[in-house]
Amino acid sequence: MTYEIFKHFPVLAIMCYFLGAFIVTLAGKRRVLRNVVAGAVMLISLSLLLSLVVPVMVNGEIITYWMGNWEPVEGYAIGIAIEVDALSLFFGLLVAIAVALAGFYSFRYITQDDANGPFFTLFLMLSGGVMGIVLSGDLFNIYVMLEVMTFAAVGLTAFRTWNPNAREAAFKYLVVGSIGSTCVLLGTALVYGQCHTLNLAQISAMLPGNMNPTMIFAFAMLFTGFGCKSFMFPFHPIAADAHGAAPSSVSVLISGVFTKTGVYGIIRVSYFLFRTMGLSSMQTMLVFIGCLSMFVCVTMALNQHDFKRLLAFHSISQIGYILTALGLCSAIGIAGGLYHAINHTLFKGLLFLTAGAVLYATGTTYLDKLGGLARKMPQTAALFLVGAFSISGIPPFNGFASKWMIYQATFEKAAETGSIGYALVTVVCVVTSVLTLASFIKVGQSVFFGQLRPEYENVKETPLSMRIPMWIMAALCFLTGLFPDLMIKYLLGPATAAVLNTARYIDAAMGAGYAEATAYFDSYLAEPVLTFAGTWDPVSWLVLFVIIMCAVTLVSLAGKSGRGAVTLTDDAKHATFFGGEEAQYSHVASGDLFWGFKHNLRGYLGFMSRAHSGVTNDYVVWGVCAMAVITAYCFIFM
Amino acid sequence: MEFLIKIVYILIFPGLLFSTVFGLWLAGIDRKVVARMQKRVGPPVLQPTYDFFKLLGKETIVPSSAARHTFLIAPYVGLVSLVVTALFIPIGGLQAFGGMADMVVILYLITIPSLAIIFGGSASASPFAGVGVSRSMVTIMAYELPLILVLLSVGRAAGGGLVTFSMEQVTLYQQLFGSFLLDWRLIPAALAMLLVIPCEVGAHPFDVGEAETEICEGPLVEYSGAPLAVFKLSHAIKMFIMTALFAALFLGGISTGMVWLDVVIALVICTAVTLVCMTLLHAITARLKVEQVFKFFWTVVSGLALVSLLLVWFVD
């Protein structure tokens, strides 16, 4: 087979990160050497995964690699498998890209911290853990990687040890995160007890014939565990603390990549292992949780006074979109959800990096203390606008393309099931989208526009090495939004097909015909067809926009001819208008904004602020309650 | 030939030139009729056009504390995206660029001009603009909920058992089965849409974001010269686009067989809708407070739209 050589790539991609994690420690205080090693590792992993695009995405191969060549014996998987189908590769690419960009940004960014020695060790451990989860074909291996990832992330959250908030956030993260880890471990143990195997493919072949109350409990545990890792409602408050306190490049990973492993886990558990997504009760549960995450977190975000905390709440809100879309169990829903997953990684990464740039330049991310930075950091402001437009779903940026698919998926689901509830889900999605826009206008007005604070008179634009990763992310935000067709053809289509085609995954690992022999799989499904309820052609839009922009420019240039000149000097005429009074510093920002909205929803917003008390005990109670409710729900409706 | 026709669509009708002329004319009509209703003589119908050209010739002052690039670019981005949106809305069955953007895309495209005003004002660094930005955003939040409910109702009704977002499908359905305004189930949605239009355009009594007497036109306070002219023009074109959207959604069934006549009828409808939902409301109401606007839209108007959605969903 011509693909023989590719078999080794996935495991090498994972190993690179872990090897790199230990080698950078050897570099000690030699910063250049350390950066070279870390950079090389990240680029090698990225290129290894990119080289898999052709065999896996285009030609539809599924790569199986048995560690130590322990192949299945008599239909039983006894070794650890690395199994890469289109879904795994999709998430793997997302991880590798985010890690590479965040890593290059960190080279300069973390020089401000005194003790930056262990940073890259933890950073690469986190990356390796995440990569291990998405490429692994073994349930226990996933759990191990989950722990590696969680502890690296906890360490990175507390990286700025001088900051008491960081230590507190890390503690909360550790405690609440361990609920998730425990659930996953318990679920794994139960599944192993039932199936006597840990191989994902074999479990998914055996489970349909072995569903009993224990397995329902195991499902509930695994679902809650991965849900906790994706910070879905009600696990969201710890995300806000962790993202807010961690260095920005780590927030990119926690928000863009770490949470995606939770989503990936939920897909693997619900669509592959237990194949419960066919049940309308499971669809309802996932959509309901998604909508709650979406709406609760966006309203919490509107109330925040810290740039990064605000972004953190938006992360969960966007995860809500992804969960909702995945809960629909239709081809367009899954494709839309996965599309949003990659878009979220890109635009949220970009936004966290701009927040980091603001912190680097001014030393704070507190919205009430900033203002007018666009004059000093024009490029960062422009990049922020790209990120803000993407996340708020302003065409033609990528957030719109995926949200638009999710709207259609929910609305089509409503027509298909005849249930108006799904139409209301569409409404919730749109309202969340406009609230997202509002909170980014708040950030724009508070941080980048408005009046410049006197103390930031000498602020400088961030260094080039930090701007380049941001520009790359911005370009990707634009391109992924501009070519949804190509995205669907090369990434989303194969990944969606992989989600729906469990039998192919099983056969690839266990030998051809294994899935059919279990008698629970009819045959391979045809390529899923995406049916669209509407049309959106971003390229044509852009062409029209450019043509008309040229026409307007020509007209205005022709009409200029000396009159209507733009003037810019520093005199009374160019001072800010104060109704005839003497000019003074006056910046309308942050908490001053959106009074009418806050006033009308004061009951709800006040309740939400009080509920998010910041006490770890409360959040643990929420987590345990969620676990109990999900378990009860599964027992009643499954 | 094909290419030339496209260029004509883009630059002349219904693109740049036509939407400019017609939008400014609508704005003039609006002002004239309001004046007559208030027993004033009022300005000539072409006054907004005169104002536009006068402003173009004026000096553009950029406040020294403004973020210059955003301040100057925002008006043009808003205007251009608005004109592009005009190409996607069927006018009397004539679709310049059908099959490129559906209802939901249009919902998002029409927020770009509002965003342009918001970020332009934000970049001017004026506290008046800050207040205006906050208020404009609250009005966007206010009307977005009823607007999506209206679109979903229409999408359900036009889907015939299924659902659709496509504007062509909506037009086609109405040409076959009659305009939606005559469908009793969709009348509440039409009413809601008539209330959404003035809010989206920023007309009385929902113009809290640009309240001249309170916050000196909010986001526009520091604008002068050509950028101000462009914003005023965008405002006028928005009147045209929103009324055309209403015509396409609820009166798309009018078809005489002659395209030019259909277009003329559609433009008459645009004018009539402007007179009803902007001029009449302007003449008889005073400006609401921002929290009243929000409450009104999330309760009464959304309620109306929701009633329609329920009716089209459950009543055949």
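Use the structure listed above.
In this report, the structure presented in the accompanying data block is examined.

Considerations on the overall build of chain B
Of the regular secondary structure elements, chain B holds 13 helices and one strand. Along the chain direction, N to C, the helices and strands of chain B fall in the order α-α-α-β-α-α-α-α-α-α-α-α-α-α. Here the C-alpha atoms of chain B give a radius of gyration of 19 Å, agreeing with the 20 Å that 2.2 N^0.38 yields for 316 residues. Each of the three principal axes of chain B carries a C-alpha extent, and together these read 60 × 50 × 40 Å. Buried residues in chain B amount to 64% of all 316 residues. For chain B, restricting intrachain contacts to residue pairs at least 6 apart in sequence, the fraction spanning at least 24 positions comes to 81%.

Points about helix α2 (residues 16-37) of chain B
All names here are of chain B. Under the 1.5 Å per step criterion, the end-to-end length of α2 is 31 Å for 22 residues, consistent within 8% with the ideal 32 Å. Taken residue by residue, α2 has Leu16, Ser19, Phe22, Gly23, Leu24, Leu26, Ala27, Gly28, Asp30, Val33 and Val34 as its buried positions. Residue lysine 39 follows α2 closely and has a positive phi angle near 60 degrees.

A few points about helix α15 (residues 378-391) of chain A
Residue and element names in this part refer to chain A. Given a rise of 1.5 Å per residue, 14 residues ought to cover 20 Å, and the 20 Å separating the end C-alpha atoms of α15 matches this to within 8%. Residues of α15 that are buried include every one of Thr380, Ala381, Leu383, Phe384, Leu385, Val386, Gly387, Ala388, Phe389, Ser390 and Ile391, and no others. Here the buried face of α15 lies against α13 (307-327), α14 (331-362), α16 (398-417), α17 (420-448) and α18 (464-482). Of the residues trailing α15, glycine 393 is marked for its positive phi of about 70 degrees.

Quick notes on the pairing of strand β2 (residues 81-84) of chain A
A regular strand places its side chains so that they alternate between the two faces of the sheet. Residue and element names in this part refer to chain A. Both faces of β2 are covered, namely the face carrying Ala81 and Glu83 and the face carrying Ile82 and Val84. Both strand β1 (residues 63-66) and β2 contribute to a ladder of four bridges, which runs antiparallel. Paired with threonine 64 across the bridge in β2 is glutamate 83.

Considerations on the packing of helix α5 (residues 119-135) of chain A against helix α11 (residues 248-273) of chain A
All names here are of chain A. Viewed as axis vectors pointing N to C, α5 and α11 meet at an angle of 25 degrees, and their least axial separation amounts to 10 Å. For the element pair α5 / α11, the angle class is roughly parallel. Seen from above, α5 lies across α11 with left-handed handedness. Contacts from Leu126, Val130, Ile133 and Val134 of α5 reach α11 at Leu253, Val257, Phe258, Thr261 and Tyr264.

Thresholds, definitions, all that
- Residues numbered from 1 in each chain as written.
- Chains lettered and ligands numbered in written order.
- Predicted model: local features only at pLDDT ≥ 70, side-chain atom pairs only at ≥ 80, totals over all residues.
- Helix = DSSP H or I, 4+ residues; strand = E, 2+ residues; numbered from the N terminus.
- Rg over C-alpha atoms; globule rule 2.2 N^0.38 Å.
- Buried ≥ 20, exposed ≤ 12 C-beta atoms within 10 Å, placed from the backbone.
- Contact = placed C-beta atoms within 7 Å.
- Expected span 1.5 Å × (residues − 1).
- Pairing = 2+ DSSP bridges.
- Axes fitted to C-alpha atoms, helices over the stretch in contact; angles between N-to-C directions.
- Parallel < 35°, antiparallel > 145°, perpendicular 65-115°, else oblique.
- Left-handed = near helix turned anticlockwise from the far one by under 90°.

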